[in-house]
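Chain by chain, the residues:
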Amino acid sequence: MTPNRLFIDNQWINTNDTLASINPADESIIGEVACAGQAEVDAAVAAARRALNGVWRKTTPWERGRVLAKISALILQNINALADMEMRETGKPITAAHGAVHSAARYFEFYAGVADKIQGTSIPLGENYVDFTLREPLGVTAHILPWNVPLNMLARGVAPALAAGCTAVVKPAEQTPHGALQLAQIFIDAGLPPGVVNIINGRGETTGAMLSSHPGIDGITFTGSVATGAAVMRAAAEHIKPVVLELGGKSPIIAFADAKPEKVATEACKGIYSNTGQYCDAGSRLLLNDRIHDAVLELVVEKSRAINVGMPAENVDMGPLISDEQHRRVMDYIRRGKESAVLACGGGRPATLEKGYFVEPTVFDQVDVGTDISQHEIFGPVLSVSYFGDEDEALHIANSTDFGLAAGIFTQDISRALRLASKLDAGTVYVNEYFSGEIASPFGGVKKSGIGRERGLETLANYTRIKNVIINISS
Ligand code: NAD
């Protein structure tokens, strides 16, 4: 039985209010989960505060690390059940769902090793003083999650928060409420003490807003849309709380004339079709030097047409979009794209799939800067191709959106790659491969792509605060 209640203080709590999650591949109802109202949000925050000041504070850093390591091991032991739910709730192909769950386990594994290595510094003030810093836990942290890689996103915030000694209240996205509850059972089995992690499902405008405006939390980690990120930031400002925001992008992949067309086309297709284009750092704009434009475009179109779209359990290349709403949104962008650019392939619903929120791999060519499809995050399998003459023009087009999450560069000229990397508005620059890096690699955006860095050791800044202790030791 998949758990479907709220998880507060290691107890399963029922409420009268529920929401249903829908399988985007066949539009069937997966199940209903309990939603948190104000009383449950208050209870979750209070449980996290008690744990912060009680059991979790008394747990040594290395013991915290051991619990995280146990969680990682249990995620791997239960990978089939977790991946099955990830597949059903998000529509990911089953192998991709396994990969997503595996990376959730990696987060807990990585931060298990970090828990007892979070150190302060000593500051030289001369012989009369000893000055040192303590890196204390930030406190009770709120985690408001997106639906695109739900377990991964939960682990990305919660694992380092716990390693740093914080406690957590998690609100999963409406579309993907079950996976987090499966993890809750794993938290119990791993021996995580009551209140350290609390999971409260609910709608964004109610449960999410109650959590982000709660005076009892000490910081918020949010991943999702720009508009909601701004609302979360405003709520946090009321209580002067820090936020970490990861808000998506419109990431360019720039290919110069000396790049290998086959490699560029393969990586570009990976960049836009992985997770049906629903990755925040999807490479949704392909900028081609005019000398290789025709060769690369031909390959991209050929590969796009070869993508096998279908039922996730059949291990296809690409599953559906997350929801009816997202499907309508993406189809509307495709409609607008047809008015402003040249449709090179796709643009419709696969003829063989009657149900589910499927859309064909779609490529637009000759996309002008300033059009909607070149500027807005579509969050679907829609690639915009533009071309450029020289490096300056490539940079100008690449930096022409409000976003700045990731960028790709394909060239054999390492000097050019490094020159461009330093000038691109992006938190991550991939050179000659897209989506490289791992948990250890910091990730985050500039401009409207967000604030702060997650992953790696950088994220510890989000979950610790510095206390400076200065002692006069003169006799
Ligand atoms: P959203 O920003 O509305 O939702 C993200 C999370 O915020 C969910 O848990 C939601 O319940 C919660 N939320 C919603 N309103 C809230 C509020 N007022 N206060 C607090 N929490 C609130 O995202 P969405 O509507 O699911 O997706 C819309 C677009 O967001 C997508 O099309 C895409 O462009 C972008 N998106 C980006 C990412 C990413 O990884 N950066 C992930 C998902 C969606």
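Residues numbered from 1 in each chain as written. Predicted model: local features only at pLDDT ≥ 70, side-chain atom pairs only at ≥ 80, totals over all residues. Heavy atoms only, no water.

1. With respect to the overall build of the protein chain
Right, on to step 1. Each helix and strand in the protein chain was counted, giving 16 helices and 20 strands.
Right, on to step 2. Taken over the C-alpha trace, the protein chain has a radius of gyration of 23 Å; the compact-globule value for 475 residues is 23 Å, and the two agree within 12%.
Right, on to step 3. For the protein chain, the C-alpha atoms occupy an extent of roughly 75 × 60 × 40 Å along the three principal directions.
Right, on to step 4. Residues counted as buried form 57% of the 475 residues belonging to the protein chain. (Helix = DSSP H or I, 4+ residues; strand = E, 2+ residues; numbered from the N terminus. Rg over C-alpha atoms; globule rule 2.2 N^0.38 Å. Buried < 20%, exposed > 50% of the residue type's maximum accessible area, 1.4 Å probe, protein only.)

2. A word on the packing of aromatic side chains
The description of two aromatic rings rests on the distance between their centres and on the angle between their planes.
Right, on to step 1. On inspection of all chains with the given rule, the structure shows nine aromatic pairs.
Right, on to step 2. Over the face of the ring belonging to Tyr-333 we find Arg-336, whose NZ or CZ atom lies 4.4 Å from the ring centre.
Right, on to step 3. Of note, Arg-416 hangs over the ring of Phe-256, and the distance from its end group to the ring centre comes to 4.1 Å. (Phe/Tyr/Trp six-rings, centres within 6.5 Å; stacked < 30°, edge-to-face > 60°. Lys NZ or Arg CZ within 6 Å of the ring centre and 35° of its normal.)

3. Digging into a negative patch on the surface
Right, on to step 1. Together, Asp-290, Asp-390, Asp-392 and Glu-393 make up a region of like negative charge exposed at the surface.
Right, on to step 2. With respect to the element layout, Asp-290 can be found in the loop between strand 13 (285–289) and helix 11 (293–306).
Right, on to step 3. For Asp-290, a relative accessible area of 45% translates into the label partly exposed. (Patch = residues over 30% accessible without salt bridge, like charges linked within 9 Å, V, L, I, M, F, W, Y side chains within 5 Å. Areas by Shrake-Rupley, 256 points an atom, 1.4 Å probe, with all protein chains shown as cover. Salt bridge = Lys/Arg side-chain N within 4 Å of Asp/Glu carboxyl O. Lys, Arg positive; Asp, Glu negative; His and termini not counted. Charge placed at Lys NZ, Arg CZ, Asp CG, Glu CD.)

4. Observations regarding the UniProt feature "domain: Aldehyde dehydrogenase" (unreviewed entry) in the protein chain
Right, on to step 1. As annotated in UniProt, the feature "domain: Aldehyde dehydrogenase" (unreviewed entry) corresponds to residues 12–469 in the numbering used here.
Right, on to step 2. Helix and strand shares over residues 12–469 are 41% and 19% respectively, and the end C-alpha atoms of the span are 42 Å apart. (UniProt positions renumbered as here; feature names shortened; annotations may be inferred.)

5. Focus: a nonpolar patch on the surface
Right, on to step 1. A cluster of nonpolar side chains, Leu-125, Tyr-129 and Ile-470, forms an exposed patch at the surface whose accessible area comes to about 280 Å².
Right, on to step 2. Position of Leu-125 relative to the elements: it lies in the loop between strand 5 (122–123) and strand 6 (129–137).

6. Things to note about the environment of Ala-351
Right, on to step 1. Tracing the backbone through its elements, the reader meets Ala-351 in the loop between strand 14 (342–345) and strand 15 (362–365).
Right, on to step 2. It is 42 Å that separates the C-alpha atoms of Ala-351 and Asn-14, two residues lying 337 residues apart in sequence.

7. Describing the pattern of salt bridges
Pairing is possible between side chains that carry opposite charge, provided their charged atoms lie close to one another.
Right, on to step 1. If you walk through the whole model with that rule in mind, you get 25 salt bridges.
Right, on to step 2. Its salt-bridge partner being Arg-88, residue Asp-84 comes within 3.2 Å of it at the nearest N-O pair. Of this pair, Asp-84 and Arg-88 both sit in helix 4 (residues 79–90), separated by four residues, roughly a single helical turn.
Right, on to step 3. Ionic contacts of the salt-bridge type, sharing partners, join the residues Asp-332, Arg-335, Arg-336, Glu-339 and Asp-372 into one network.

8. Some words on the site of the ligand
Right, on to step 1. Around the ligand sit 28 residues in total, of which Leu-145, Trp-147, Glu-174, Ser-225 and Glu-377 are the nearest.
Right, on to step 2. One of the side-chain nitrogen or oxygen atoms of Asn-148 is found 3.2 Å away from an oxygen atom of the ligand.
Right, on to step 3. The contact in question runs from an oxygen atom of the ligand to an N or O atom on the side chain of Lys-171, over 2.9 Å.
Right, on to step 4. Elements with a minimum of two residues in the shell around the ligand: helix 8 (204–212), strand 10 (219–223), helix 9 (226–238) and helix 12 (324–340).
Right, on to step 5. The element best represented in the shell around the ligand is helix 8, accounting for four residues.
Right, on to step 6. Classifying every residue of the shell around the ligand gives twelve nonpolar, eleven polar and five charged.
Right, on to step 7. Two domains each put at least three residues into the shell around the ligand: domain 1 (6–247 + 449–469) and domain 2 (252–438). (Near = heavy atom within 4 Å. Polar contact = N/O pair within 3.5 Å; in protein donor to acceptor, adjacent residues only side chain to side chain. Nonpolar A, V, L, I, M, F, W, Y, C, P; charged D, E, K, R; others polar. Domains from an automatic or database assignment.)

9. Describing the domain arrangement of the protein chain
Right, on to step 1. What the domain assignment reports for the protein chain is domain 1 (6–247 + 449–469) and domain 2 (252–438).
Right, on to step 2. The centre of domain 1, based on its C-alpha atoms, is set 31 Å off from the matching centre of domain 2.
Right, on to step 3. Between domain 1 and domain 2, the contact holds 25 residues from the first and 27 residues from the second.
Right, on to step 4. Taking both sides of the interface into account, the surface hidden between domain 1 and domain 2 amounts to around 2,200 Å²; carbon and sulfur atoms contribute 56%.
Right, on to step 5. Taken as a group, Ala-25, Trp-147 and Ser-449 account for 24% of the area that domain 1 buries against domain 2, more than any other trio of residues on that side.
Right, on to step 6. Joining domain 1 to domain 2, the criterion identifies one salt bridge.
Right, on to step 7. Across the salt bridge formed by Arg-106 and Glu-438, the nearest N and O atoms sit 2.7 Å from each other.
Right, on to step 8. The tally of links from domain 1 across to domain 2 stands at ten residue pairs in polar contact (both at pLDDT 80 or more). (Contact = heavy atoms within 4.5 Å. Buried area = accessible area lost by both parts, 1.4 Å probe.)

10. Some words on the state of the cysteines
Right, on to step 1. This model, assessed by the stated rule, comprises zero disulfides.
Right, on to step 2. A disulfide-free cysteine, Cys-269 has its sulfur positioned 8.3 Å from the sulfur of Cys-345, the nearest such atom.
Right, on to step 3. Note on Cys-269: relative accessible area 7%, which makes it buried.
Right, on to step 4. No disulfide involves Cys-280; its sulfur sits 19 Å from that of Cys-269, the nearest cysteine. (Disulfide = S-S within 2.5 Å.)

11. Details of helix 8
Right, on to step 1. Looking at helix 8, one finds that the buried residues are Thr-207, Gly-208, Leu-211 and Ser-212. Axial view of helix 8: buried residues confined to an arc of 130°, hence all on one face. (Arc of directions from axis to C-beta.)

12. Structural notes on the pairing of strand 3 (residues 18–22)
Right, on to step 1. Burial of strand 3 is one-sided: the residues Leu-19 and Ser-21 facing one way are buried, the residues Thr-18, Ala-20 and Ile-22 facing the other way are not.
Right, on to step 2. Across five bridges, strand 3 lies against strand 4 (residues 29–34) in antiparallel orientation. Of the residues in strand 4, the one forming a bridge with Ile-22 is Ile-29.
Right, on to step 3. Between strand 3 and strand 4, which pair antiparallel in sequence order, lie six residues; one of them, Glu-27, sits at a positive phi of approximately 65°. (Pairing = 2+ DSSP bridges.)

13. Here we look at the UniProt feature "active site" (unreviewed entry) in the protein chain
Right, on to step 1. Annotation from UniProt places "active site" (unreviewed entry) at Glu-246.
Right, on to step 2. Mapped onto the fold, Glu-246 is located in strand 11 (residues 243–246).
Right, on to step 3. A relative accessible area of 2% means that Glu-246 is categorised as buried.
Right, on to step 4. Setting aside residues up to four positions removed in sequence, Glu-246 forms contacts with Arg-156, Phe-222, Thr-223, Gly-224, Cys-280, Leu-405, Phe-443, Ser-449 and Glu-454.

14. A short note on the sheet that holds strand 20 (residues 464–472)
Right, on to step 1. Across the sheet, three strands lie side by side as 5-6-20; this open sheet has antiparallel pairing. Across the chains shown, the open sheet's two edge strands, defined by having one partner strand only, are strand 5 and strand 20.
Right, on to step 2. Taken together, the nine bridges between strand 6 and strand 20 define a ladder with antiparallel strand orientation. Paired with Phe-132 across the strands is Val-469, a residue of strand 20.

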